[in-house]
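# Examination of the molecular architecture
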Amino acid sequence: MNALLGFICFFAVALIGWAIAELKGKADNYVENTDEQKAMQTFLDNQRKGGYEEMSIRDVVKSISTKGFSAL
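Since this is a predicted model, take the numbers as computed values, not measurements.

### A short note on the overall build of the protein
Across its full length, the protein carries three helices and zero strands. Out of the 72 residues belonging to the protein, those deemed buried represent 0%. Per element, the accessible surface of the protein, about 7400 Å² overall, is 64% carbon and sulfur.

Okay, here's the thing in structure tokens:
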């Protein structure tokens, strides 16, 4: 009986924690101000000038080794 009561209490605490986490994410309304938008645009422009391009998942798979290393 004690194990069942412990499981129910654990489940109730987990459910309450999950609900708090979900509601906290919905209550946050962050909006970037103009200074932050300008800074991000400057950062992205500097990256593009340097030759940086964001890779797609296909480019990443082509550039990494997915077969591992061969033994000597």
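### Some points on the packing of aromatic side chains
Applying the stated criterion across every chain, the model contains one aromatic pair. With 6.5 Å between their ring centres and 25 degrees between their planes, Phe7 and Phe11 make a pair best called stacked. In this pair, Phe7 and Phe11 are both assigned in helix H1 (residues 2-27), four residues apart and thus about one turn of the helix distant. For the pair Phe7 and Phe11, one class covers both residues: exposed.

### Here's the deal with the pattern of salt bridges
Tallied over the entire structure, the rule returns one salt bridge. Between Arg48 and Asp45 there is a salt bridge; the shortest N-O distance is 3.6 Å. Here Asp45 and Arg48 lie together in helix H2 (residues 34-49), a separation of three residues that amounts to about one turn.

### Comments concerning H1
For H1, which comprises 26 residues, the first-to-last C-alpha distance of 37 Å matches the rise-based estimate of 38 Å (1.5 Å per residue) to within 8%. Counting buried residues in H1 gives zero out of 26 residues, a small share hidden from the surface.

### Structural notes on the confidence of the model for the protein
Per-residue confidence for the protein averages 86 on the pLDDT scale, and 89% of its residues sit at or above 70. Taken element by element, the protein is modelled with least confidence in helix H3 (residues 57-63), mean pLDDT 82, and with most confidence in H1, mean pLDDT 93.

### Brief notes about H2
Relative to the 22 Å expected for 16 residues at 1.5 Å per residue, H2 spans 22 Å between its end C-alpha atoms, a close match to the ideal helical length. Taking the backbone nitrogen of Asp35 as reference, a side-chain oxygen 3.3 Å away marks Asn33 as the first, capping residue of H2. Immediately beyond the C-terminal end of H2, within one or two residues, lies Gly51, with a positive phi of roughly 95 degrees.

Cut-offs used in this document
- Residues numbered from 1 in each chain as written.
- Predicted model: local features only at pLDDT ≥ 70, side-chain atom pairs only at ≥ 80, totals over all residues.
- Heavy atoms only, no water.
- Helix = DSSP H or I, 4+ residues; strand = E, 2+ residues; numbered from the N terminus.
- Buried < 20%, exposed > 50% of the residue type's maximum accessible area, 1.4 Å probe, protein only.
- Areas by Shrake-Rupley, 256 points an atom, 1.4 Å probe, with all protein chains shown as cover.
- Phe/Tyr/Trp six-rings, centres within 6.5 Å; stacked < 30°, edge-to-face > 60°.
- Salt bridge = Lys/Arg side-chain N within 4 Å of Asp/Glu carboxyl O.
- Expected span 1.5 Å × (residues − 1).
- pLDDT = per-residue confidence, 0-100.
- Polar contact = N/O pair within 3.5 Å; in protein donor to acceptor, adjacent residues only side chain to side chain.

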